[in-house]
Amino acid sequence: MNISVPVQPARWPGSAFVRRLASSPTVRVSARRLLSAIPVLWGVTLLAFLLLNALPGDAASALLGIDATPAEIRSFSIKLHLNEPLWTRYGHWLAGVVTGNLGTSLASPQSVVSIIASRLPVTLELVIYALVLTFVVSVPLAVVCARWPRGIIDRICLVLSMASLSTAPYVLGLLLVIVFAVHWSIFPAIGYTALSTSLTGNLDTMTLPSIVLAIPLIGFYTRFLRADLLEQMQSEDYVVTARAKGVSEWRILTRHVLRNSFIGLLTVIGLNLATLIGATVIVEQIFSLPGIGYELLNAISNRDVPVVEGIVLVFGITVVLVNLLTDLLYGVLDPRIRHVRSRS
Amino acid sequence: MSVPAADLLASAPAQDLRAGAAPRARGWLRNLEIAVPGTVLVVLLFFCFIWPLVYHVPDPTVGNLFQVNLPLWSPGHILGTDTVGYDIMSRILYGGRVSFEVAAAVQLIGLVFGGLFGMVAAYRGGWTEAVMMRILDVFIAFPSLVLVLAIADSLGPSETHVIWALSAFSIPAFARVSRAATLRLRDQPFVVAARLAGTKTWRIMLRHLTPNIAPQMLTFSLLGASLTIILEGALDFLGYGIPAPTATWGNMIATGESFISVYPRLVIVPSIFLLVTSICLNMMGDGLRARWGVR
Amino acid sequence: MPRLRERGRAAPAPGGSEPSAVGMTPGAVLEVEDLRVTFRTRLGTVYAVQGISFAVEPGRTLAVIGESGSGKTVSARAIMGLLPRSADVSGSIRFKGEQVVGRSNNEMRDYRGRNVAMVFQNPERSLNPTMRVGYQIAEAITTHEPMDRRQARERTIELLKMVRIPAPEQRFHEYPHQLSGGMRQRVVIAIALACGPEVLIADEATTALDVTTQAQIMDLLLDLQRETGTALLMISHDMSLAAAYSEDVVVMYAGKIVERASARDLFAGVRMPYTQALLDAIPRIDTEPHVLLPVVGGRPPDQSVLRDGCPFAPRCPDVQQDCRDHAPPLRQHEPDRWWACWHPIQGGAAR
C-alpha cells in the first residue's frame, strides 16, 4: 500500500466536511492510489496504440495483400487516416477512447465496442468459473497443508503445485482434451453453448477450459496461502493468545489466521489477473470459445487493427482497474489500514 | 504464461515466496532438490546441443514420406515419426535448441536492461523512480502473452523477432526484481559509506549493488527461463512465433493438435519435454532461492 | 501443538540434580517440581530450564524474576503447555494435585484458559488485528462453556466492565488498533479471566507499557486477584515490580532458581550476589544524577553447554575457587529462605 505523505488538513480549503474527508486515511490512501492510476491508464492507451502503429509493417499494404495497386493502397491509407502523422492519429484515437468510441472494425461494419461487448460474456464467465474453481480447491488444500506441515498431504501438494505452476495452458489444454474428450468423451473437445441456451450445455463446454485456467492458479494459491498461514501460525502472537484461550488448532487456522490471509490474497488476485487473461486467449483458441481472446487472434490474422487495438486496450485497462480495485478494497477490508493509517 | 511464480514475483517483490517454498527438506534432500533438476537440464542441454554434433541425427525438416506415423521405439526413430515422416526425436532435439536459445537470450536481455533499469530507479529514488515505475506498470498491465503476441505479429515471424518480443515482458519483470533488491540495499551502511566516500554512482552500482543483487537476479532468471519457454511455445502454437517448418516444441504441439484424436503422441511427446524442462527450471530456481536465502 | 512428555528422573540431569525444593505444599493450586525444559535444535541442545521448583497458592502472588534468557518465560509456557514440539519437558507440573506434564492435546486445550490463563507481553501483537475485541473475548468463553451468542456477549461486557474499560458496549465492536496499549492489555486480561482461571500467569505483562499505565494495569491485576482469589504468577525482569506487588519472589538465573524468599525477607537482606546485582541496577531517586547505573557485567552463560561451577561465577563480584568447581545447590538456609550460593552476602544491602 502507498503510505501517504502527511497532509495538513488545516491548509485544505473548503468545508469542514471536505477537511474531515481529506483527513480520513482510507480516503487519502484511496485518492493517492486513484491519482497514481491515471498516468498508468494513459500509458496503457499509448502503448496499445504504439504497439500496432509505430512498429515496422504497413497496415494498408498488409490488409490489401501483395497484389494491390499503389493507388488502391493510397486511397485505403486515406480512408484509415494512415497518411496523417502518428501523433495526430493517436490524438484522434485517444479522443475516441475517452468517449467510449474505439472505431469500426475493418473486416466488418460493426463497431469495435460492440464486437468486444458481444464477446465479453464468454471470457468473463471463463475467468469467473476458473477463479471459483481455484478457490474451492486451493483454500481447503492450503488449510490442510498448513495444519500438518511436512505431512504427507503437504508434500504431495508441494510436488503437484510445482508441476501445475510449470504447465503451459496449451499443453494442459490439449492433454485434458486427449483424456476427457478423446479418450473418455466426458466433455466435448470444442464448441460453445451460451448460458442462456442451456445451463448444462454451457457447463459442458466451459468446464474443461476453466479447469485448464484454474490448475496453475490452484498450484499457486495453495502454495501462497499455505506459506502465509504457516508464517502466521508460527510467528504471530495473537495465535499464541488464541492457543492460551484453549482454542483448537483447526479453529485458530480457519477462524483467525485464514481470515487475515484472505486480505493478503486479495491483492494477489489482481496481480494474477493479467496472466489469467493471457491464458484465456490460448484456451479460447484450443476450445473454439467465441471470447475476446478468440476475437483477438482472429483480428490479428485479419490485420483488423482497430479491433486488435481495442482488445489490447481493454485488457490493459481491465488489469489496471482490477488492481486499483483490489488495492482500494484492501484498504476497506483491513481494519488496521482503515483506522490506523490516520497516524502515519 | 503458466501462472505466476515468476510473474507474481515480478509484480509483487514484497511478497515473500520463499516462505511459500513449502516444506523444505534438510541436508541431502535439499541438495537433491537442486541436483535432480540440474542433472536433468544438463542432460537435456547435452542432447540438444552436443549430441547432434557427434552422432548422426536425422534432419528435423526433411521428412521421409515412406516412413510416416511410425510408432514409438521404431528402429532408427526412437520416438517415431509424424504425419509427414519427420523424425520426432530429432525435432525434439532441434526444438529444444530453439527453446533454450530463446530462453537464454531473453533472460540475458532482461538481466542487462531490466536489471539496470530497476537498479537506477531504486538507487535514484524520488521522482525518477516514480516515473520509471509507472512506465513498468504500463508494461505489466498487459497480459504478457498479449503484449508479446502484438509485438511478434508486428515484427513478423523469426527467431530474432520472437526474442525481441519476449524481451518486452522479461525486461519489466527483471526491472521489478532488481528494483526490489536494490531498495533493500540502498540504505545499507556499506552503500551509504561508499556514497559518502565519494564513489561514483556507476561504480557503486557495479561494485556494490550488482554483486549483492546477483543471487536474486540469477534465481529469477531460472524462473523467467521457464516462463519464456512456455511463452515462446505459445507463440509458435498460435502461429506467430518461429515459422512452421522449423522444429520447435510449440510448432510440434500445434501440428499435432490437428491429429489429436488419431495420434495423440504427436502432442504428448513434445508436451512432456516442455513440461519437464519448465518444471526443472522452476525447481532449480526455487531450490537455489531457498539455499541462498533469497527473498 | 507443543508436546509435553513426562520423562521424570530418567531425563539426563543437567547441572547435577538438586534436592527437591518443595515437597507437597499444602493448599498450593499449582506446584512445579524439578521442571526441566530442553530444546533440541539443529545447532545443538539448549538446556533452557534446569530443574526448578516452586508453588503458587490461591490469592497469592509469586514473582519470577530474571534476565531475558533466564528461562522464566519458557517455564511459563511449559506450565501453559505452549512450547513448540522441539521442546522436551520433564519433571512435574501439578495443577490441584493433578499432573499436567504428559497430558494429551485435547486435555491441554481444556486446561488452558479454563484452569490456567496467561497475559502476554506485547498488547500490540497479542490480539488478532482483524477481529473485533468483543468476539475475541467471547471466543475465550465459548471455547470452554456452551453458551449462546447473547449470553456470551453479556458475559463479555461484564468482563470488559471488570477490567474497567469505559463504554464496554461500544468497545465490544471495536478493533484492537482502535484501543490504546493499556486498553488493549485490559482486553488481554479480560480474555485471560474469561473462564475464571485458578492460576493467572502475567508474562512481562506491563513491560511494553508506559510507567503510568504499568501501575494501572498492575493495580487492576491485584484488584482482580483479590476479587477472584486467583493465584498470580508474575514473570518479570523488573525487581521493583516484584518488590511493589508480589508476596513471594523467585530469582532465576541461567535456567535455575538462585534465590527464593518472601518479598519482605528478600528485600530486607539479599543473600545471592546475582539478586543484589539486579537490585543495584534499578535507578533510585536518591542517587546522584548523571551517575552511571551499575550494570551486571558480562553475559548470561551459553545454555547449550553444561558446566560444573556456579553459572553466575564468571560475572560474580564475590567469586571464589569453589564457585568455579561446584555449583551451589538451592538450599533452605533460614526459615522460608532459600538460596544457591557458597558465599552469600551477609546482611545484604536493603533498598
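About the thresholds
Numbering of residues starts from 1 in each chain and follows the order in which that chain's sequence is written. To label them, take the chains in the order written and letter them from A, then take the ligands in the order written and number them from 1. Residue-level local features of this predicted model are given only where pLDDT is at least 70; pairs of side-chain atoms are given and counted only at 80 or more, and the full residue set underlies all totals for whole chains, interfaces and linings. With hydrogens and water excluded, all non-hydrogen atoms of the structure serve as input to the side-chain values. In DSSP terms, a helix is any run of H or I states spanning at least four residues, a strand is any run of E spanning at least two, and both are numbered starting from the N terminus. For the exposure calls, accessible area comes from a 1.4 Å probe over protein chains only, and a residue counts as buried if that area is under 20% of its type's maximum, exposed if over 50%, partly exposed in between. Pairs of residues are marked as contacts when any of their non-hydrogen atoms sit within 4.5 Å. To measure how exposed things are, a 1.4 Å probe is used in the Shrake-Rupley method; for residues, cover is taken only from the protein chains shown. When DSSP finds two or more bridges between two strands, those strands count as paired. Each residue gets a pLDDT score, which is the predictor's confidence in that residue and runs from 0 to 100. Patch construction takes residues with relative accessible area above 30% that form no salt bridge. Like charges are linked within 9 Å, and nonpolar side chains (Val, Leu, Ile, Met, Phe, Trp, Tyr) are linked within 5 Å. One speaks of a salt bridge when a side-chain nitrogen belonging to Lys or Arg is within 4 Å of a carboxyl oxygen belonging to Asp or Glu. What counts as buried area is the accessible surface, traced by a 1.4 Å probe, that two parts surrender upon association, with contributions from both included. Only Phe, Tyr and Trp rings take part, Trp by its six-membered ring, and two of them pair if their centres are within 6.5 Å. Stacked means planes under 30 degrees apart, edge-to-face means over 60, and tilted covers everything else.

This part is about the overall build of chain C. Broken down by element type, chain C carries 11 helices and 12 strands. Expressed as a percentage of its 351 residues, the buried residues of chain C come to 56%. Long-range contacts, defined here as pairs at least 24 residues apart, represent 69% of the contacts in chain C between residues at least 6 apart. A total accessible area of about 15200 Å² is found for chain C, and carbon and sulfur atoms account for 50% of it.

To continue, consider the sheet that holds strand β4 (residues 87-95) of chain C. Spatially, β2-β1-β4-β5 (chain C) is the arrangement adopted by the 4 strands of the open sheet, whose pairing is antiparallel. Two strands close off the open sheet at either side, each with one partner strand: β2 (44-56) and β5 (98-99) of chain C.

What follows concerns the confidence of the model for chain B. Residues and elements named next belong to chain B. The share of residues in chain B with pLDDT of 70 or more is 89%, and the mean pLDDT across the chain is 83. Confidence scores differ between elements of chain B, with helix α1 (residues 5-11) showing the lowest mean pLDDT of 33 and helix α3 (residues 88-124) the highest of 93. Here residues 1-25 is a poorly scored stretch, pLDDT under 50, and it has 92 contacts once near neighbours within four places are set aside; other chains count.

On the surface, Val 43, Phe 46, Phe 47, Ile 50, Leu 53, Val 54 and Tyr 55 of chain B cluster together into a nonpolar patch covering about 680 Å² of accessible area. If you trace the backbone, Val 43 of chain B turns up in helix α2 (residues 27-54).

Turning next to the interface of chain A and chain B. The partner chain B presents 56 residues to the 59 residues of chain A that form the contact. In total, about 5000 Å² of surface goes out of reach between chain A and chain B, with carbon and sulfur atoms giving 76% of it. Applying the counting rule to chain A against chain B returns 2 salt bridges. Residue Arg 303 of chain A pairs with Asp 153 of chain B through a salt bridge whose shortest N-O separation is 3.2 Å.

What follows covers the confidence of the model for chain C. Averaged over all residues, the pLDDT of chain C equals 84, while 88% of them reach at least 70. Interface confidence in the predicted complex, given as ipTM, is 0.83; pTM for the same model is 0.82.

Turning to the packing of aromatic side chains, a few remarks are in order. Applying the stated criterion to the full structure yields 21 aromatic pairs over all chains. Geometrically, the ring pair formed by Trp 148 of chain A and Trp 250 of chain A is edge-to-face, given 5.7 Å between the ring centres and 80° between the ring planes. You can see Trp 148 of chain A sitting in the loop between α6 (112-147) and α7 (152-165) and its partner Trp 250 of chain A sitting in helix α11 (residues 249-287), a full 102 residues away along the chain. Judged by its relative accessible area of 44%, Trp 148 of chain A falls in the partly exposed class. A centroid spacing of 6.3 Å and a plane angle of 50° characterise the contact between Phe 46 of chain B and Trp 51 of chain B, whose relative ring orientation is tilted. The partly exposed category is assigned to Trp 51 of chain B, whose relative accessible area is 27%.

All names here are of chain C. When you tally the buried positions in β2, you get 10 out of 13 residues, the bulk of the element. Where strand β1 (residues 30-41) lies against β2, 10 bridges are found, and the strand directions are antiparallel. Paired with Val 32 across the two strands is Phe 54, which belongs to β2. Following β1, the chain reverses through 2 residues before pairing antiparallel with β2.

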